[in-house]
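Remarks on the overall topology
Letter by letter, the chains look like this.
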Amino acid sequence: MEILKQIAQEAEKNTQVPAYPRSVEKVIAAIISTPNFWKVVDLSDEPLPLVAEILKLLNKHGLVVFEGNQILLTEAGNELVKKLGIETFVSHRCSCCNGRGVVIEGSLKEAFEKFLKIQEKRPPAIHQYDQGFVTPENTFARVALADDRGDLRGKNVIVLGDDDLMSIALALSGLPKKVTILEIDERLVNFIKEVSNEYNLNIDARVHDLRQPLPEDVVGAYDTFFTDPPETVEAIKAFVGRGVATLKSERCAGYFGVTRRESSLDKWRRIQKVLLEMGLVITDLLHNFNEYVNWDYYEDMRGWQLTPVKEPPKDIWYKSTQFRVETVRGFKGFNDPIVGDIYNDAESSTT
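Reference entry: report on the structure contained in this document. These numbers were taken from a predicted model, which means no experiment stands behind them. (Residues numbered from 1 in each chain as written. Predicted model: local features only at pLDDT ≥ 70, side-chain atom pairs only at ≥ 80, totals over all residues. Heavy atoms only, no water.)

As for the sheet that holds strand β3 (residues 156–160)
The strand order across the open sheet built from seven strands is β5-β4-β3-β6-β7-β9-β8, with neighbouring strands paired in mixed fashion. The sheet is open, and its two borders are formed by β5 (204–207) and β8 (280–291), each paired with just one other strand. Neighbour-to-neighbour, the strand axes of the sheet open up by a mean angle of 20°, direction not taken into account. Two elements, strand β4 (residues 178–183) and β5, share four bridges in a ladder whose sense is parallel. Pairing of I181 across the sheet is with A205, part of β5. (Pairing = 2+ DSSP bridges. Helix = DSSP H or I, 4+ residues; strand = E, 2+ residues; numbered from the N terminus. Axes fitted to C-alpha atoms, helices over the stretch in contact; angles between N-to-C directions.)

Right, here's the structure in full:
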């Protein structure tokens, strides 16, 4: 265990990302399962900058080698694995729902088939807005989850930022009474307006920079919000806070994702404290519910610069936990102007 502690301490010093012997152990366990860097990040469930640094230190200590695009344990590394009894990862996720706990069936099935065709024409994700979107199945799984929790039927729903085309999926389902989106990217807003007109969806789509206060007419006007905020504590406070500011009253709901790819457990602790201070109760945490399609600008990512081997990601590796929160008495949103860079910290990898 001493070598794990030593590497963890050195990795934390070099990255400013909280690290533990358990962090190093999880990276090693991931290497047993796969030689691919992106899958190691996925399986270890640790922030990418920390994983990259741990791998470099394992290499420095002669425990792993980098051969081409592969990360392999050395003889000394395998001996350490046996000595510490480190085991490979085993998944027991449901093959039917992919561990999400919901399936796309019944009345949602027809809407999903329409969505599959619509989303093929979506504008590509661009780095300027740190965009990335989940799979179409994932988008509709969110619809199914929110409907399962009673947050859609006859409700006013707002989407803050819409890389995932949630507004279209929600409107196609026919469940909400009203769907509004606020999105900075005019390309996306125009696309959503075109789809809304073609399919008679009546989506209220607006160009709005969420760094600015919300339009007055959306404050306190909705039952449910969806957002997918950047991964700093301040960004979570700002974007989820904006969502909370749109809600009508107690016992309204919000949905958003938080990753482990850019957020340590120490950061999660701070995030959860922020949520509690807003008067929110976390009702659901669904691990790796959200799976993001690999974006084309990966070479512009900070994470790409940190990787010890340069192989483009092929399989989905960027995933996030789905949060559902509810407001209780005394809840308070955040609608002040956002000043300065709230999008980057030591654990960031996509910006």
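Concerning the packing of aromatic side chains
Inspection of the entire model under this criterion finds 13 aromatic pairs. Ring geometry for W295 against W317: centres 6.4 Å apart, planes inclined by 50°, an arrangement best described as tilted. One end of the pair, W295, is in the loop between β8 and α12 (302–306); the other, W317, is in the loop between α12 and β9 (319–327), with 22 residues separating them in the sequence. Per residue, the accessibility class of W295 equals that of W317, and both read buried. (Phe/Tyr/Trp six-rings, centres within 6.5 Å; stacked < 30°, edge-to-face > 60°. Buried < 20%, exposed > 50% of the residue type's maximum accessible area, 1.4 Å probe, protein only.)

Comments concerning the pattern of salt bridges
Under the defined criterion, the tally for this structure stands at 26 salt bridges. The partner of D42 in a salt bridge is K319, with the nearest N and O atoms 2.9 Å apart. Of the two residues, D42 sits in helix α3 (residues 37–44) while K319 sits in strand β9, which places them 277 residues apart along the sequence. Using a relative accessible area of 13% as the deciding quantity, one classes D42 as buried. (Salt bridge = Lys/Arg side-chain N within 4 Å of Asp/Glu carboxyl O.)

Looking at the environment of P213
Within the element layout of this structure, P213 appears in the loop between β5 and β6 (224–227). For P213, a relative accessible area of 32% translates into the label partly exposed. Linking P213 and P337, residues 124 residues apart in sequence, is a C-alpha distance of 5.5 Å. Once you skip the residues sitting within four places of it in the chain, P213 turns out to touch H208, R242, N335, D336 and P337. (Contact = heavy atoms within 4.5 Å.)

A word on the side chain of S173
Counting through the fold element by element, S173 comes out in helix α8 (residues 166–173). You can call S173 buried: its relative accessible area is 12%. Side-chain polar atoms of S173 contact the backbone oxygen of L170, separated by 2.5 Å. In terms of polar contacts, S173 uses its side chain to reach the backbone amide nitrogen of L175, at 3.2 Å. If we skip the residues at most four places from it in the chain, S173 touches L108, A111 and V143. (Polar contact = N/O pair within 3.5 Å; in protein donor to acceptor, adjacent residues only side chain to side chain.)

Notes on helix α1 (residues 2–15)
Here α1 is 14 residues long and its end C-alpha atoms lie 20 Å apart, about the 20 Å a rise of 1.5 Å per residue gives. All buried positions along α1 are accounted for by L4, I7, A8, A11 and T15. Along the long axis of α1, the arc covered by the buried residues comes to 100°, so they all point the same way. When the buried face of α1 is taken as reference, the exposed residues oriented beyond 90 degrees from it are E2, Q9 and K13. Buried residues in α1 make contact with α2 (21–33), α4 (48–60) and α5 (75–84). Just downstream of α1 lies Q16, where phi reads positive at about 65°. (Expected span 1.5 Å × (residues − 1). Arc of directions from axis to C-beta.)

Describing the pairing of β3
Remember that side chains alternate between the two faces of the sheet whenever the strand is regular. Here β3 lies mainly inside the structure; five of its five residues are buried. Neither face of β3 is open: one carries N156, I158 and L160, the other V157 and V159, and all of them are buried. Note on the crossover from β3 through α8 to β4: the handedness is right-handed. Where β3 and β6 come together, four bridges link them in parallel fashion. In the strand pairing of β6, L160 is matched with T227. (Right-handed = clockwise from strand over helix to strand, strands pointing away.)

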